[in-house]
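What the coordinates show
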Amino acid sequence: MTIRPIITAPDPRLKAVSKPVEIVDDDIRKLADDMLESMYAAEGIGLAAIQIGVPSRVIVMDLDQKDGKRRPRVFINPKILWASDETTICQEGCLSVPDIWEDVERPSKIRAEWLDRNGKRVEEEAEGLLATCLQHEMDHLEGILFLDHLSRLKRSIALRKLAKAKRLKEPA
Ligand code: GNR
Ligand code: NI
């Protein structure tokens, strides 16, 4: 498994719409494993393939690593089948938007389907952090960042902060 660097905004690749996976084969499983390794290394709870520069509809997640045990999950070609009218506000962050946290409002519950790492179709209802994270990751597949859910003012402040942090890290 290989840790791959995570792309950060405003890299234009993050705006790409990712392509459906045709066959769940060893190449896709290798991609998912690399994504998990990269996600754990960056201390995130989710990652979309585009965040390591691969425009394929693959998401990995591990929401409860608290006790040191890893419970990795892989979601391939996910689709939302239903979303509740009720919404929840959750403070979100993103490995591609480092050190910025803002409230985002999304449907509280969703019903979704996807393929697992063996290509088997799974359908599940999600709420809480799983619902939030799945929607955040599925946004990545459409080229959308959580910043795009904020007001223009909040978004431009966040992008400025990000640009400044990048300048300090890598002085030109
Ligand atoms: O690590 C992450 N934490 C997080 C917290 C609240 C809502 C969404 C997330 S996802 C994020 C990792 C990431 O950038 N995934 O795309
Ligand atoms: Ni993200």
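Described below are features of the structure shown in this document. Being a predicted model, the structure only gives us computed values, none of them experimental.

What counts, and where the lines are drawn
Note that residues are indexed from 1 along each chain, following the sequence as it is written. Just so you know, chain letters begin at A and ligand numbers begin at 1, following the order they were written in. Per-residue local features of the predicted model are confined to residues with pLDDT of at least 70, and side-chain atom pairs are confined, for both listing and counting, to 80 or more; whole-chain, interface and lining totals are unaffected and use all residues. Remark: hydrogens and water are excluded; side-chain values derive from all non-hydrogen atoms of the structure. Secondary structure elements follow DSSP: runs of H or I no shorter than four residues count as helices, runs of E no shorter than two count as strands, and numbering proceeds from the N terminus. Given a helix with a known number of residues, its expected span is that number minus one, times 1.5 Å. Residues count as neighbours in contact if any of their non-hydrogen atoms are within 4.5 Å of one another. The term polar contact refers here to a pair of N or O atoms within 3.5 Å; inside protein, the definition further demands a hydrogen-donor-capable atom paired with an acceptor-capable atom, and it admits residues adjacent in sequence only when both atoms are side-chain atoms. Each metal's donors are the N, O and S atoms within 2.8 Å of it, or within 3.2 Å when it is Na, K or Ca, and because water is not part of the set, sites may look incomplete. Burial status follows relative accessibility: with a 1.4 Å probe on protein chains alone, a residue under 20% of its type maximum counts as buried, one over 50% as exposed, and anything between as partly exposed. A pairing counts as a salt bridge when a side-chain nitrogen of Lys or Arg comes within 4 Å of a carboxyl oxygen of Asp or Glu. Note on terminology: near, applied to a residue and a molecule or strand, indicates that one of the residue's heavy atoms is within 4 Å of it. In these tables, accessible area is a Shrake-Rupley quantity obtained with a 1.4 Å probe, and a residue counts as shielded only by the protein chains included in the view. Amino acids are sorted into nonpolar (Ala, Val, Leu, Ile, Met, Phe, Trp, Tyr, Cys and Pro), charged (Asp, Glu, Lys and Arg) and polar (every other residue, Gly among them).

**Remarks on helix 1 (residues 26-41)**
For helix 1, with 16 residues, the first-to-last C-alpha span of 22 Å sits near the 22 Å given by 1.5 Å per residue. Next to the buried residues of helix 1 lie strand 1 (46-48), strand 2 (58-61) and strand 3 (73-83). Two or three places before aspartate 27, at the opening of helix 1, aspartate 25 has a side-chain oxygen 3.2 Å from that residue's backbone nitrogen. Within two residues after helix 1, glutamate 43 carries a phi angle of roughly 60°, on the positive side.

**Brief notes about the coordination of the nickel ion (ligand 2)**
In this structure, Cys94 (SG), His136 (NE2) and His140 (NE2) serve as the protein donors to the nickel ion (ligand 2), at separations of 2.1 to 2.3 Å. Each donor residue of the nickel ion (ligand 2) lies on the same chain, and together they follow the pattern C-x41-H-x3-H. A residue pair is termed long-range when its members are at least 10 positions apart, and cysteine 94 in strand 4 (residues 87-94) and histidine 136 in helix 2 (residues 128-141) qualify at 42 residues. The exposure classification of cysteine 94 matches that of histidine 136, with both residues buried.

**Looking at unusual backbone geometry**
That bond from alanine 9 to proline 10 is cis: its omega, 5°, falls within 30 degrees of zero. Here proline 10 lies in the segment before helix 1. With a phi close to 65°, aspartate 99 is a non-glycine residue in the positive phi region. Residue classification places aspartate 99 among the exposed residues on the basis of a relative accessible area of 67%.

**Considering the pattern of salt bridges**
As enumerated under the stated definition, the model contains 15 salt bridges in all. The salt bridge involving arginine 29 is made with aspartate 26; its shortest N-O contact spans 2.9 Å. Linking arginine 29 with aspartate 26, this pair stays in helix 1, spanning 3 residues, or about one helical turn. For arginine 29, a relative accessible area of 22% translates into the label partly exposed. What makes aspartate 26 exposed here is its relative accessible area of 55%. Among the charged side chains, a network of salt bridges with common partners joins Arg111, Glu113, Arg121, Glu123 and Glu125.

**Regarding the site of ligand 1**
Around ligand 1, 13 residues are found, and the nearest of them are Ile45, Gln51, Leu95, Glu137 and His140. Separating an oxygen atom of ligand 1 from a backbone N or O atom of isoleucine 45 is a distance of 3.0 Å. Residue glutamate 137 places a side-chain N or O atom 2.6 Å away from an oxygen atom belonging to ligand 1. Burial of ligand 1 by the protein amounts to 94% of the accessible area it has alone, namely 380 Å². Listed by contribution, the elements that provide at least two residues to the shell around ligand 1 are strand 4 and helix 2. Ranked by residues supplied to the shell around ligand 1, first place goes to strand 4 with 4 residues. Classifying every residue of the shell around ligand 1 gives 4 nonpolar, 7 polar and 2 charged.

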